[in-house]
Amino acid sequence: MNPRIIAVCVLFRLYLSSSAQKNYLLESKPEKDQRMEWWREARFGMFIHWGLYAIPAGEWKDKTTHAEWIRTTAQIPLKEYDQFVPQFNPDQFNAKAWVQMAKDAGMKYITITSKHHDGFCLWDSKETDFDVMSTPFKRDILKELATACREIGGIRLCFYHSIMDWHHPDYNERRNWEKDRPVAGTDRKRYIAYMKRQLKELVTNYGDIGVFWFDGEWEGFWKHEDGVDLYNYLRGLKPDVIINNRVDKGRGGMAGMTTAGGYAGDFGTPEQEIPETGLPGVDWESCMTMNNNWGYNKADQQFKSTKDLIQKLVDIASKGGNFLLNIGPKADGSFPQESIDRLKAIGDWMKVNGESIYGTNASPFEHTSWGRVTQKTAGNKTYLYLHVFDWPKDGVLHLEGIGNKPQYVYQLWNKEKLPFIANSNSLMVQLTGPSPDENDAVMVLEYWEKPLVYKAPVISTYSADFILATDAVISLPAGENRTEIRYTTDGSDPVANSPLYTSKLNITQSSTVKAASFYKGQLVSGVVSKSFKK
Ligand code: FHN
């Protein structure tokens, strides 16, 4: 063969092997920021858990508390569970209606279970017959959703994909009650290759997939090196795809955050909970059910109120996170009416207030008694969105810890400007009339400069209980250099002429240290305290 051709073949093989082995974990911050931009802007998405488990709808023999885990929680043998395949015929399924409901609710992406733990595939997979094409429905559900997203616009299609698979024999973890599925002869590498081929189908044939949301990573079957490999494999197929932290083994339980460096995954995944505070520089998304189940359970009527769901969305955004709110469709392909009603009501609120959610960042304030704050910078302007859950009875909204005046204060719902008084460390806004929205009424502070937000100091120590002596370090968040720390050690609140903190305190007696931030002689933060015991 012509030496030139040989050289080209060798170079091409090198290219293929190098692109397959590229370590995307070494991506630069600007590259990741660019990739995450749409997702951070979106802030709000729809989770969909749908599959064969919607047929029993949570009921099995004398229990009605099952859901998407029913094959396991009801200990249904594989052959008996497979009987749901010929029953799956969702004649009410309408992909356009689903996508439109998500869009009308103000959501920007849909994350649907391509395959949940039971192994059933909602798309036409060449890799298995345990898929929707083996049912009477014989339609590629994910393809119809991809088409609807493309035609309607404004909604990114994303896939939840379970690593754990209770159907494929080579996923060789077994439940202790599964006596009918021997492990002999199984091959975990063969399962991983199967899963990769299926993921390639999903990346290649269903349009511009935004996120792969892995789950079921917690069993011993899945190793850290498998997670890193799968992350790089998928990024190699689609470099701009976003992948959650459940692709690897770094998730710290249901709190969802990645516990240390070196693990793969672009965002944390708190489940059914919201972190206490935002985590600067960390991307995370809280996923929650509307009632108590991910998959459809016909007995579960405990739907969260619209007010609760809106305030959860706002709380999450005020901490810099995304909200992935779940729908569990029925076996016929329709959404539960309670879900439809809440999506509509949330959408009505988002039509008026969406700008206070989309593309916002975490609140610059530690705490506000009446609600939450989100913020957004556009050009040389910064907008602070005051989400008022509890309307002040005296008609005056107080904001503590702010040191400069906004250009304007106005009601987001009608842009009506409001009078306000600003002093050295707080703002008082005169509200007009009752709250227009008991779920959350939003006021806007428009700044033409960076808002001057004061932070309380933090008192830290190696040990508050000591024998001879211990140290107390009092600090302000990084970058806060406009204020000074004043402190006391007798338990009294610090005042302008209290001692100025300049270096760590040596504590030799039981005492209470209190500290606060001061600016030009004015108290501008809350008072923090820590007790020390000899
Ligand atoms: O076991 C799954 C469960 O079925 C559901 O999919 C949730 C949603 O995030 N994830 C796992 C439980 O943590």
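Our structure's up above, just so we're on the same page.
These numbers were taken from a predicted model, which means no experiment stands behind them.

Undergrad: Explanation requested: the site of the ligand in the structure shown.
TA: Around the ligand, a shell composed of 15 residues is seen, among which H49, E68, W69, H117 and D215 lie nearest. At 2.6 Å from a nitrogen atom of the ligand is found a side-chain nitrogen or oxygen belonging to D215. Among the residues forming the shell around the ligand, the class breakdown is eight nonpolar, three polar and four charged.

Undergrad: Looking at this model, I keep getting lost on the pattern of salt bridges. Mind explaining?
TA: Opposite charge on two side chains allows them to pair when their charged atoms are near. By the definition in use, this model includes 32 salt bridges. When the shortest N-O distance is used, the salt bridge between K298 and E59 registers 2.9 Å. Linking K298 in the loop between β6 (285–288) and α9 (306–317) with E59 in the loop between β1 (44–48) and α3 (70–73), this pair joins segments that are 239 residues apart in sequence. Exposure remark for K298: the relative accessible area of 43% places this residue in the partly exposed category. One salt bridge in this structure joins K238 and D240, with 2.7 Å as the shortest N-O distance. In this structure K238 comes out as buried when scored by relative accessible area, which is 11%. Salt bridges here are not isolated pairs; linked through shared partners, they connect E27, R35, R235 and D266.

Undergrad: Can you walk me through the pairing of strand β16 (residues 470–475) in this structure?
TA: The side chains of a regular strand alternate between the sheet's two faces. Because side chains alternate across β16, one face comprises the buried residues T470, A472 and I474, and the other comprises D471, V473 and S475, none of which is buried. Here three bridges tie strand β15 (residues 458–460) to β16, and the two strands are oriented antiparallel to one another. Within the sheet, the bridge partner assigned to I459 lies in β16 and is I474. Strand direction decides the pairing type here: β16 and strand β18 (residues 505–507), joined by three bridges, are antiparallel. What sits directly across from A472, in β18, is L505.

Undergrad: Is there a simple way to explain helix α8 (residues 224–237) in this structure?
TA: Since one α-helical turn is 3.6 residues long, residues separated by three or four positions face the same way. Under the 1.5 Å per step criterion, the end-to-end length of α8 is 20 Å for 14 residues, consistent within 8% with the ideal 20 Å. Among the residues of α8, those classed as buried are D226, G227, V228, L230, Y231, N232, L234 and R235. The inward-facing, buried residues of α8 abut α2 (29–42), α7 (188–205), β4 (211–215) and β5 (242–243).

Reading guide: rules and limits
- Residues numbered from 1 in each chain as written.
- Predicted model: local features only at pLDDT ≥ 70, side-chain atom pairs only at ≥ 80, totals over all residues.
- Heavy atoms only, no water.
- Near = heavy atom within 4 Å.
- Polar contact = N/O pair within 3.5 Å; in protein donor to acceptor, adjacent residues only side chain to side chain.
- Nonpolar A, V, L, I, M, F, W, Y, C, P; charged D, E, K, R; others polar.
- Salt bridge = Lys/Arg side-chain N within 4 Å of Asp/Glu carboxyl O.
- Helix = DSSP H or I, 4+ residues; strand = E, 2+ residues; numbered from the N terminus.
- Buried < 20%, exposed > 50% of the residue type's maximum accessible area, 1.4 Å probe, protein only.
- Pairing = 2+ DSSP bridges.
- Expected span 1.5 Å × (residues − 1).
- Contact = heavy atoms within 4.5 Å.

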